[in-house]
Amino acid sequence: MNTASNPLMAAVLLGLTPGGLAVVTGARADTFGAIAAKYKGDPKAAAALAARVRSGGKGVWGTVPMPPADARTISDADLRSVIGWILAP
């Protein structure tokens, strides 16, 4: 399945639920709306989020680390599609 044409499928592959919550076992999860609100109006948001997904990190939404997701996990095109979908108003 081409996840670029199906943002929900891409989100599921990234570990996000249809209800809009990141699935992080034993940790706080944030809605897509909270993520979109944090980056609203930031023209560099999509690139920054893509870099964060690729490199992983922690401290932005809590203390639980997010492991990196390389191109074997999600292609660049699919990553752009999912981030665009999350940031969409």
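Coordinates for the structure precede this section.
This is a predicted model, so every value here is computed, not measured.

Peer 1: Summarise the packing of helix 3 (residues 45-55) against helix 4 (residues 76-87); cite the residues concerned and give the values.
Peer 2: Close contact between helix 3 and helix 4 brings their axes to 10 Å; oriented N to C, the two are set at 125°. Here helix 3 lies oblique to helix 4, going by the angle between them. Classified by chirality, the crossing of helix 4 by helix 3 is right-handed. Contacts between helix 3 and helix 4 pair A45, A46, L49, A50, V53 and R54 from the former with D76, L79, I83 and L87 from the latter. Across the contact of helix 3 with helix 4, the residue classes break down as eight nonpolar, no polar and two charged.

Peer 1: Tell me about the pattern of salt bridges, and please be specific about residues and values.
Peer 2: Inspection of every chain in the model, using the stated rule, returns two salt bridges. Among the salt bridges present, the one from R72 reaches D70, with a minimum N-O distance of 2.5 Å. Note on R72: relative accessible area 76%, which makes it exposed. According to the relative accessible area criterion, D70 is partly exposed, its value standing at 30%.

Reading the values: rules and limits
- Residues numbered from 1 in each chain as written.
- Predicted model: local features only at pLDDT ≥ 70, side-chain atom pairs only at ≥ 80, totals over all residues.
- Heavy atoms only, no water.
- Axes fitted to C-alpha atoms, helices over the stretch in contact; angles between N-to-C directions.
- Helix = DSSP H or I, 4+ residues; strand = E, 2+ residues; numbered from the N terminus.
- Parallel < 35°, antiparallel > 145°, perpendicular 65-115°, else oblique.
- Left-handed = near helix turned anticlockwise from the far one by under 90°.
- Contact = heavy atoms within 4.5 Å.
- Nonpolar A, V, L, I, M, F, W, Y, C, P; charged D, E, K, R; others polar.
- Salt bridge = Lys/Arg side-chain N within 4 Å of Asp/Glu carboxyl O.
- Buried < 20%, exposed > 50% of the residue type's maximum accessible area, 1.4 Å probe, protein only.

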